[in-house]
Amino acid sequence: MSMFNWQEKSAAVLASGGVIGPHERLPWPQTGAMGVQHVIAMFGSTVLAPILMGFDPNLAILMSGIGTLIFFIITGGKVPSYLGSSFAFIGVVIAATAYTGKGPNANIGLALGGIIACGAVYTLVGFIVQAIGTGWIERFMPPVVTGAVVAVIGLNLAGIPIKNMAASNFDSWMQALTFVSVGLVAVFTRGMVQRLLILVGLVLASVIYAVLTNGLGLGKPLDLSGVMNAAWVGMPQFAKPIFDANAMLLIVPVVIILVAENLGHIKAVTAMTGKNIDQYMGRAFIGDGIATMVSGAAGGTGVTTYAENIGVMAATKIYSTAVFFVAALIAVLLGFSPKFGAVIQAIPLPVMGGVSIVVFGLIAVAGAKIWVDNKVDFSQNKNLIVAAITLILGTGDFTLKFGQFALGGIGTATFGAIVLYALLNRSEPSARRNPSNPAHPG
């Protein structure tokens, strides 16, 4: 039996208003067009994350394509997902490498060793899930925990764009113009433009920056000489990992976020398609874990399944995994274009800072959304205490040292949330239970 069951009648189903399932595909020209759309959807975040960590964005694009192909093969072409750069790694990578937010990361090797270790643990989790299911994950990481940890990732990063990405008063105003531009695109546009709000807002802000600097002389001019001199085809900048215990201990806890993200995304696709792909959860974790290890070994970021691409599927009702195969091939081709990378590097730092403020804020709000969507009951003291302590540990970058090991804010918040919930999750006296909500979500 073939691993991939793509049916040519898929186009007829689409024409009659039906849903294109994961096992079906459109004719190749339409599949190619949809692949381009998914590349555009993942582009902004997949490029932004490596820039914020001092990684090569060209390599990140290349490894996102390779990672998606790995995921595609390991899941047997049954799970429609694109793997892009994970924002969950940004805070811990910056902490492990002492990156200041400007130029290439001089200590990238330390980050890569930690990313590979995280991918290895993630793969192990996948094998366990493949054997016994996901019930144990949901017990250890209920919505109150996952929501708090996701929120912490955004809050922990807040100081980076504000303190490190604005060298002057003009830069600070430019950051403000940038996040206002993104906000205007998010609210006043529709369709694909709105879906690409980060990318469109970034382009708009860059144009404004060029007018104010190159045209009016108000700041450091936009320099496009690197774009003009860059070759159309060439190799990205590979890097070697360094396996340092401190860095690995700091970065490995990100696996908790990756597991929560992937689990949530697969459940979302299951709900949208009406087809139960929960049975592939273990293989999805394994695929994501191996893709993260391969990416880290080459010098790329850790990867994760992308909500941006799930949004495109929800809008188009096309869940064909063949589309993601094509999108991955396109990303691989882009990864071998230095000119493409030079365009990214030419983006002014304050513009990237303004976009970062939006992105980090959206990550923090995504944590709160997990609470809302799952109706977490904050009248229960256990939920209130877990969330409150976790947010402050992560935002304040609370650090614990164990001999030579140091566990930073995101790590202490992550482990703290899990341990604290396990400690406080005891049956409450019946008189204190909420009779209208005996299930006590969260």
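Given the structure is predicted, the values throughout are model-derived calculations rather than measurements.

A. Region of the structure containing the overall build of the protein chain. A count of helical and extended segments in the protein chain gives 21 helices and four strands. In the protein chain, which comprises 442 residues, the proportion classed as buried is 53%. Within the protein chain, contacts between residues separated by at least 24 positions form 79% of all contacts whose residues are at least 6 apart in sequence. By element, 69% of the accessible surface of the protein chain is carried by carbon and sulfur atoms, the whole surface being about 18,800 Å².

B. Representation of the side chain of T292 within the structure. Here T292 shows up in helix α15 (residues 281-298). Look at T292 and you get buried, because its relative accessible area is 0%. What T292 contacts, discounting residues up to four positions off in sequence, is F89, I115, G119, G302 and V303.

C. Layout of the packing of aromatic side chains. One pass over the full model with this rule turns up four aromatic pairs. Where Y122 meets F285, the ring centres are 5.7 Å apart and the plane angle is 40°; that geometry is what we call tilted. With Y122 in helix α5 (residues 108-132) and F285 in helix α15, the pair connects residues that are 163 residues apart, well separated along the chain. Across the pair, exposure class does not vary: Y122 and F285 are buried alike. Ring centres of W371 and F378 lie 5.1 Å apart, and the angle between their planes is 80°; this geometry places the pair in the edge-to-face category.

D. Quick look at the confidence of the model for the protein chain. Of the residues in the protein chain, 90% reach a pLDDT of 70 or more, and the chain-wide mean stands at 82. Low pLDDT, under 50, characterises residues 1-17; the stretch is placed with 33 contacts to residues that sit more than four places away or in other chains. Contacts from residues 430-442, a stretch scored under 50 in pLDDT, to residues over four places away or in other chains number 21 contacts.

E. Structural context of helix α20 (residues 381-395). Between its first and last C-alpha atoms α20 spans 21 Å; for 15 residues at 1.5 Å apiece the expected length is 21 Å, and the two agree. Within the span of α20, buried status applies to K382, N383, V386, A387, T390, L393 and G394. Viewed end-on, α20 has its buried residues packed into an arc of 140°, placing them on one side of the element. Looking at the buried positions of α20, the neighbouring elements they touch are α7 (143-156), α19 (349-373) and α21 (409-424). Phi turns positive, to about 55°, at D397, one or two residues after α20.

F. Summary view of the environment of L204. One can find L204 in helix α11 (residues 197-215). Distance in space between the C-alpha atoms of L204 and V185 is 9.4 Å, their sequence separation being 19 residues.

G. Examining the environment of D171 more closely. Tracing the sequence through the fold places D171 in helix α9 (residues 169-188). Taking C-alpha positions, D171 is 9.4 Å from P348, a pair spaced 177 residues apart along the chain. What D171 contacts, discounting residues up to four positions off in sequence, is A166 and P350.

H. Spatial organisation of α21. Between its first and last C-alpha, α21 extends 21 Å over 16 residues, near the 22 Å set by a 1.5 Å rise per residue. Three or more residues of α21 are buried, namely G409, I410, G411, T412, A413, T414, A417, I418, L420 and Y421.

I. Just a nonpolar patch on the surface, in detail. Residues F179, V180, L184, V187 and F188 make up a contiguous nonpolar surface patch of roughly 490 Å² in combined accessible area. For F188, the position within the fold is in helix α9.

J. Focus on the nonpolar core. Core analysis: the largest hydrophobic core is formed by 100 residues, its most contacted members being F89, I90 and F285. Counting residues per element, this core draws most heavily on helix α2 (residues 28-53), which supplies nine residues. Residues in contact with I90, not counting those within four places in the same chain, are A49, L52, M53, L157 and F360. Counting seven residues, the second-largest nonpolar core is a separate cluster that includes I20, M34, V312 and V323.

K. Quick peek at the packing of α5 against α15. In the contact formed by α5 and α15, the axes pass within 7 Å of each other and the chain directions differ by 165°. Considering their axes alone, α5 and α15 lie roughly antiparallel with respect to each other. α15 is crossed by α5, and the crossing has left-handed handedness. When α5 is examined against α15, the residues L112, I115, I116, G119, A120, Y122, T123, V125, G126, F127, V129 and Q130 are found in contact with a partner set consisting of M281, G282, R283, F285, I286, D288, G289, I290, T292, M293, G296 and A297. Grouping the constituent residues of the contact of α5 with α15 by class yields 14 nonpolar, eight polar and two charged.

L. Summary view of the environment of G274. Along the chain, the position of G274 falls in the loop between α14 (255-273) and α15. Of the residues examined, G274 reaches a relative accessible area of 65% and is grouped as exposed. Taking the C-alpha atoms as reference, G274 lies 9.9 Å from V19; in sequence the two are 255 residues apart.

What counts as what
- Residues numbered from 1 in each chain as written.
- Predicted model: local features only at pLDDT ≥ 70, side-chain atom pairs only at ≥ 80, totals over all residues.
- Heavy atoms only, no water.
- Helix = DSSP H or I, 4+ residues; strand = E, 2+ residues; numbered from the N terminus.
- Buried < 20%, exposed > 50% of the residue type's maximum accessible area, 1.4 Å probe, protein only.
- Contact = heavy atoms within 4.5 Å.
- Areas by Shrake-Rupley, 256 points an atom, 1.4 Å probe, with all protein chains shown as cover.
- Phe/Tyr/Trp six-rings, centres within 6.5 Å; stacked < 30°, edge-to-face > 60°.
- pLDDT = per-residue confidence, 0-100.
- Expected span 1.5 Å × (residues − 1).
- Arc of directions from axis to C-beta.
- Patch = residues over 30% accessible without salt bridge, like charges linked within 9 Å, V, L, I, M, F, W, Y side chains within 5 Å.
- Salt bridge = Lys/Arg side-chain N within 4 Å of Asp/Glu carboxyl O.
- Core = buried A, V, L, I, M, F, W, Y, C linked by side-chain atoms within 4.5 Å.
- Axes fitted to C-alpha atoms, helices over the stretch in contact; angles between N-to-C directions.
- Parallel < 35°, antiparallel > 145°, perpendicular 65-115°, else oblique.
- Left-handed = near helix turned anticlockwise from the far one by under 90°.
- Nonpolar A, V, L, I, M, F, W, Y, C, P; charged D, E, K, R; others polar.

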